[in-house]
Amino acid sequence: KIEYKPSDGEVVHIVGEPEELGHWDTSKAVRMRKLPQPYVPPVGSGRAPPEYHHWEAVMELHQDLGRFEYQYVIKGPSGERQEEGSRHKCDLTGMGGSRVKCTDSWR
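Residues numbered from 1 in each chain as written. Predicted model: local features only at pLDDT ≥ 70, side-chain atom pairs only at ≥ 80, totals over all residues. Heavy atoms only, no water.

(A) Quick look at the overall build of the protein. Across its full length, the protein carries 0 helices and 9 strands. Overall, the protein shows an N-to-C arrangement of helices and strands of β-β-β-β-β-β-β-β-β. Considering only C-alpha atoms, the protein reaches an extent of 50 × 35 × 20 Å along its principal axes. Approximately 7,300 Å² of the protein is accessible, and the part contributed by carbon and sulfur atoms is 48%. Distance from the positive charge centre (15 side chains) to the negative charge centre (17 side chains) of the protein: 6 Å. (Helix = DSSP H or I, 4+ residues; strand = E, 2+ residues; numbered from the N terminus. Areas by Shrake-Rupley, 256 points an atom, 1.4 Å probe, with all protein chains shown as cover. Lys, Arg positive; Asp, Glu negative; His and termini not counted. Charge placed at Lys NZ, Arg CZ, Asp CG, Glu CD.)

This is the structure:
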């Protein structure tokens, strides 16, 4: 899960080391789904409620993958743009079928 405010036509994808994440091939990156805005009750101040731009992808990855790295990619009308800087990391070692939720920030 990541928060990113897209421009018109942009979609967030995730790409990474394991085959399930495209093996660093952005053409095979997993498309993420933009979550609907959560309900925020009005506060009476006349201000607009805050905007949230959360994206998520749900996938099954076997714990045998162990530790792996991934990054986010924005694809849109003007091409694609991959995160800069260090890669995100996830470790599934010993999870035994448990769910792991990764929440990241765009870099």
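(B) Fine view of the confidence of the model for the protein. Mean pLDDT over the protein: 89, with 99% of residues reaching 70 or higher. The weakest mean pLDDT in the protein belongs to strand β9 (residues 104-105) at 86; the strongest belongs to strand β3 (residues 30-31) at 97. (pLDDT = per-residue confidence, 0-100.)

(C) Highlighting unusual backbone geometry. Of note, His-23 is a non-glycine position whose phi angle comes to about 50°, a positive value. Relative to the helices and strands, His-23 is located in the loop between β2 (11-16) and β3. On the accessibility criterion, His-23 (49% relative accessible area) is partly exposed. We note that Trp-24 has phi near 70°; this positive angle belongs to a residue other than glycine. (Buried < 20%, exposed > 50% of the residue type's maximum accessible area, 1.4 Å probe, protein only.)

(D) Layout of the pairing of strand β8 (residues 88-91). Judged by which residues are buried, β8 turns out to be one-sided: His-88 and Cys-90 face inward and are buried, whereas Lys-89 and Asp-91, on the alternate face, are not. Relative to β8, strand β6 (residues 67-76) runs antiparallel, the two sharing 4 bridges. Looking at β8, one finds that Arg-67 is bridged to Asp-91. (Pairing = 2+ DSSP bridges.)

(E) Looking closely at the environment of Arg-31. Locating Arg-31 in the fold gives a position in strand β3. Spatially, the C-alpha atoms of Arg-31 and Lys-5 are 16 Å apart, while their sequence positions differ by 26 residues. Beyond its immediate stretch of four places on either side in the chain, Arg-31 contacts Val-11, Val-12, His-13 and Ala-57. (Contact = heavy atoms within 4.5 Å.)

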